Amino acid sequence: MINKKGKDKGRNMKNSEEEIISSGVRTGRFIYGLLAAGYLVCIILQVFFAGMGLFVDSDNWQMHRVFANYFEFGAILMFLLSFFGRIRGGLRWLPLGLFVLTSLQHMTIRTFSGSFRALHTIDALLLFWISIYLMKRSWKWLRLGRKEG
C-alpha cells in the first residue's frame, strides 16, 4: 500500500516493529550490562568485607556472610536477560556459572571440611575473573547514545 508521500506503508510498519524490537533488545542489554558491572562491584565488596573481618575486627565477618545473599540471584537475572537482549555464547551461559560458583561459596563453608574449605578463596578468584570478563564484554551496552557494534 502506497501513502500520499509515495512511501510503502507496509514497509514503514515493518521498520517500526523492528525499532520496537531493537529498543527491547537494547534495554535488555543495558540492564544486563548494569547487572554485570554491579556483580563485579559486589564481588569486590565481598573481598573487602572478608578483609575487614580478618584484619580489622572479627565482628565484620557477619557482613561478609550476609552480603552474598543480596546479589547472588543477579546472575540468574543476567541469564534471563540474555534471551531478551539476544545475547549468545559465553555472555549467556557464564552468568549461570557465576550462580553455581556463588552456590559453591556457600557449600565450601557450610558443608566442606578440612583443606577443602580453602577452595572458598579459589572460587572467589573465579567469581572475580568471570565478573570482570562479563563486565568488559557488556560495557559497550552501557554507553548510551552510541551505536552497538
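Residues numbered from 1 in each chain as written. Predicted model: local features only at pLDDT ≥ 70, side-chain atom pairs only at ≥ 80, totals over all residues. Heavy atoms only, no water.

(A) The nonpolar core, seen in detail. The biggest cluster of nonpolar side chains holds 20 residues, and the ones touching the most others in it are Tyr32, Tyr39, Phe71, Leu91, Leu98 and Leu134. Of all the secondary structure elements, the ones that give two or more residues to this core are helix H1 (9–56), helix H2 (61–71), helix H3 (74–84), helix H4 (90–110) and helix H5 (119–138). Among the elements that make up this core, the one with the highest residue count is H1 (six residues). (Core = buried A, V, L, I, M, F, W, Y, C linked by side-chain atoms within 4.5 Å. Buried < 20%, exposed > 50% of the residue type's maximum accessible area, 1.4 Å probe, protein only. Helix = DSSP H or I, 4+ residues; strand = E, 2+ residues; numbered from the N terminus.)

(B) Quick peek at the environment of Asp123. Positionally, Asp123 belongs in helix H5. Of the residues examined, Asp123 reaches a relative accessible area of 3% and is grouped as buried.

(C) Representation of H2. Inspection of H2 places His64, Phe67, Ala68 and Phe71 among the buried residues, and these make up the whole buried set. Around the axis of H2, the buried residues are gathered within 100° of arc, so they sit on the same side. With respect to the buried face of H2, the exposed residues turned more than 90 degrees away are Arg65 and Tyr70. (Arc of directions from axis to C-beta.)

(D) Fine view of unusual backbone geometry. A positive phi angle is found at Arg86, which is not glycine, with a value near 50°. Within the element layout of this structure, Arg86 appears in the loop between H3 and H4. A residue is classified by how much of its surface remains accessible, and Arg86, at 45% relative accessible area, is partly exposed.

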